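One-letter residues, chain by chain:
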Amino acid sequence: MDRVSAFDEPLRKLLGGATAKVMAEHLDLHTVGDLLHHYPRRYEERGQLTTLGDLPLDEHVTVVAQVADARIMVFNNGRGKRLEVTLTDGSGRLQLVFFGHGVHKPHKELLPGRRAMFAGKVSVFNRKMQLAHPTYQLLDATDADEATEAVDAFAGRLLPIYPACKQLDSWRIAKAVDTVLPSAREAVDPLPPSLREGRGFTSLPEALLKIHRPQTKADIADARDRLKWDEAFVLQVALARRRFADTQLPAVARVPAHGGLLDAFDAKLPFTLTEGQEKVSKEIFDDLATEHPMHRLLQGEVGSGKTLVALRAMLAVVDAGGQAAMLAPTEVLAQQHHRSITEMMGELAEGGMLGGSDLGTKVVLLTGSMGMAARRQALLDLVTGEAGIVIGTHALIEDKVQFHDLGLVVVDEQHRFGVEQRDALRSKGKQPPHLLVMTATPIPRTVAMTVFGDLETSVLDQLPAGRSPIASHVVPAKDKPHFLTRAWERVREEVESGHQAYVVCPRIGDDADDETEKKNKKKATEEDGEKRPPLAVLEIADQLTKGPLAGLRIAVLHGRMNPDDKDDVMRRFAAGQVDVLVATTVIEVGVNVPNATGMVIMDADRFGVSQLHQLRGRVGRGSAAGLCLLVSEAPEASPARARLSAVAATLDGFELSRIDLEQRREGDVLGQAQSGVRSSLRVLTVIDDEEVIAAAREEAVAVVTADPELTHLPELRTALDALLDKEREEYLDKG
């Protein structure tokens, strides 16, 4: 059987339609290769039980435990029945509950002393951990074939526990793996033999056998070391090939003119650049001066002055006769950038206009909601070259938009932009323009090497002088309601001392929102207990106006408002005509109002770590200290509260991004959001395997430099096609 037929064999041929359908729909496994790369999450040892003491809430788990007692409870005057079973494993206890007609079979089988594997989702009821309607398999019964097989499997020293889903338990996945495991022998080894032997790795077929059916713990370690390397190396080879291809592309070198626009701009800056800004600017200018396109990632702390660095790069390109485009993820942000850039440039942004500078250029805004006349003028300014700088949303990418000579593309907030969009904008230059990607979310080094591995990285880690510290506190609204009362008093105090504040909510609260909410409510089952809907801007604004902030000037801002209204609210807030802005996360990036010193984030546990850090970065932008209050109803011991405490404890975005990554480690590094396709990373954890990734990157560069087309490494080419399926390669291509 050749590689193609062994690993690409559809699962339905070997496992039957029903199982294959569940695997495809719920686990995204379609072929034999997919299933062989679906590795166990962990292993149970015989006699050593999962500690019931630290089960993760809301996760699908598999536990091996013993029944302590079981009893049927009757309710509703005898019409309803509930079976409650208590499990024990020496470290803790866990309650199982079965309802209605589902009580008969478990009542007969789950007798005290019986031992079984149980799978289900962990929830809390009456302050006790429980599994409602778990599936289970007895491990000490001898009457059924299935039970005997389970005992045999359990008697094998290590029992693999697979990432499972409600429709398919870990042990059924294990059985399916047994069916396809013989195909592992057909695995084609992607590592060059010299590399494999040099690092003493086991062969790939052996690694697959060892990870699924280990005899010892050493087998697992061997297999994981090998499979981690494959993932890191194949990914780094794809990125190294991308970087190599970029160095082969032509670009126009852009060197700023002495005594030109950039020098005039620098001369009127009311402050000196930080050392970091100087250093990063030099890296960018060096790239712009070469004849192949710059591909650089500019990442920095919230408020470290990335926009200024990007603007200086844009001015350098205009000086050299080219045009620069800045692409922002939202209209609010595009307008904000346009406003702050024209303010920073002053008369230099009025080239060709009365009162403008002779050295100046035109800075135009282009968004989807602009009026026809303004839009026509902006398009004309771009095609004639009158406008040196354009700032816009993805409206910039439309076919109608033509540039005179596009030399630099600056993309703000990379993770919100589809790679196709960046690619489309890049194709508007006569030759590929230089590319600068800005991200306001600091990224740990390893993630930068994987997610943005095709970009060179510049880091701004110094805050400019004059930024104020931000004090952050968690407000436990449920346990201590008086803390929330005090929070509103603090907002009032900020306003009374001449400052302004933000109140951020997860939801808008209009009709479109309510429809979504109804659907979500419907989904919640009676056993789950209903979680209240997230707090909404419109409701909170109303409550604050009538209640704790009565008498203050309150305005709302959210994504579904008319763009002119949004801009009007932002202008009024920036001008100090609004005391408190109640908003969704539209204010998350780029909004700069130095007089805003206070922020209250409602339902803060519903936001991610980096998002909270971003939001908090909107305050403390002036000379007065900032205050950020994280309001949450999450219980004190919950992971959500731990996350909020971590955010409150540090202002270091790089530290927080590390915490964020550790908490989302099940998530896919290359990100569903980034590429829309499934990840190839299964055993590699970007947070823990920094050394593996760095070493793999070095090896990959050496391999690609010696043989860019991988002509002498056909197995590696095959692995690139398989691990980075075609869509992924394109995704990396477009990076």
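Let me begin by describing the structure that accompanies this report.

Once that is clear, we can look at the packing of helix 14 (residues 331–345) against helix 21 (residues 563–574). Between helix 14 and helix 21, the shortest axis-to-axis distance is 10 Å and the interhelical angle comes to 50 degrees. Put simply, helix 14 runs oblique to helix 21. Every pair of crossing elements has a handedness; the one defined by helix 14 and helix 21 is right-handed. Contact residues: helix 14 offers Glu331, Val332, Gln335, Gln336 and Arg339, while helix 21 offers Pro563, Lys566, Asp567, Met570 and Arg571. Looking at the contact of helix 14 with helix 21, its residues break down into three nonpolar, two polar and five charged.

Glancing now at the environment of Lys228. As for its placement among the helices and strands, Lys228 is situated in helix 10 (residues 217–248). Through-space distance from the C-alpha of Lys228 to that of Leu684 is 5.0 Å; in sequence the pair is 456 residues apart.

Here the focus is the sheet that holds strand 9 (residues 295–300). With parallel pairing, the seven strands of this open sheet are ordered in space as 11-12-10-13-14-9-15. Only two strands of the sheet have a single partner each, and these edge strands are strand 11 (362–366) and strand 15 (456–460). Direction aside, the axes of adjacent strands within the sheet are offset by 20 degrees on average. Bridging between strand 9 and strand 15 involves five bridges; their strand directions are parallel. If you follow Gln299 over to strand 15, its bridge partner there is Val459. In this fold helix 12 (residues 275–288) packs onto strand 9, strand 13 (406–412), strand 14 (434–439) and strand 15, with an angle of close to 155 degrees to the strand it touches most, strand 15.

In summary, the side chains of a regular strand alternate between the two faces of the sheet. Of all the seven residues making up strand 13, seven are buried; the element is thus mostly covered by neighbouring parts of the structure. One ladder, built from five bridges, connects strand 10 (residues 323–327) with strand 13; its direction is parallel. If you follow Ala324 over to strand 13, its bridge partner there is Leu408. Two strands pair when backbone bridges link them, and strand 13 and strand 14 are joined in this way by five bridges, in the parallel orientation. Bridge pairing links Val411 to Val437 in strand 14.

The first and last C-alpha atoms of helix 15 (residues 372–384) sit 18 Å apart over 13 residues, in line with the 18 Å expected at 1.5 Å per residue. By the burial criterion, the buried members of helix 15 are Arg375, Ala378, Leu379, Asp381 and Leu382. When helix 15 is viewed along its axis, its buried side chains cluster within an angular range of 160 degrees and face the same direction. Opposite the packed face of helix 15, turned more than 90 degrees from it, sit the exposed residues Met372, Ala373 and Arg376. Residues of helix 15 that are buried in the fold lie against strand 10, strand 11 and strand 12 (387–392). Following helix 15 by one or two positions, Gly385 has its phi on the positive side, about 90 degrees.

Mapped onto the elements of the fold, Ala471 is located in strand 16 (residues 470–476). Using a relative accessible area of 35% as the deciding quantity, one classes Ala471 as partly exposed. For the pair Ala471 and Arg616, spaced 145 residues apart in the sequence, the C-alpha separation amounts to 9.7 Å. Not counting the four nearest positions on each side in its chain, Ala471 is found in contact with Gly626, Leu627 and Cys628.

Here we come to the packing of aromatic side chains. In the structure shown here, the tally under the stated rule is five aromatic pairs. When the ring of Trp229 is compared with that of Phe233, the centres are 6.2 Å apart and the planes differ by 35 degrees; the resulting orientation is tilted. Of this pair, Trp229 and Phe233 both sit in helix 10, separated by four residues, roughly a single helical turn. The buried category is assigned to Trp229, whose relative accessible area is 5%.

Criteria and thresholds
- Residues numbered from 1 in each chain as written.
- Predicted model: local features only at pLDDT ≥ 70, side-chain atom pairs only at ≥ 80, totals over all residues.
- Heavy atoms only, no water.
- Axes fitted to C-alpha atoms, helices over the stretch in contact; angles between N-to-C directions.
- Helix = DSSP H or I, 4+ residues; strand = E, 2+ residues; numbered from the N terminus.
- Parallel < 35°, antiparallel > 145°, perpendicular 65-115°, else oblique.
- Left-handed = near helix turned anticlockwise from the far one by under 90°.
- Contact = heavy atoms within 4.5 Å.
- Nonpolar A, V, L, I, M, F, W, Y, C, P; charged D, E, K, R; others polar.
- Pairing = 2+ DSSP bridges.
- Buried < 20%, exposed > 50% of the residue type's maximum accessible area, 1.4 Å probe, protein only.
- Expected span 1.5 Å × (residues − 1).
- Arc of directions from axis to C-beta.
- Phe/Tyr/Trp six-rings, centres within 6.5 Å; stacked < 30°, edge-to-face > 60°.

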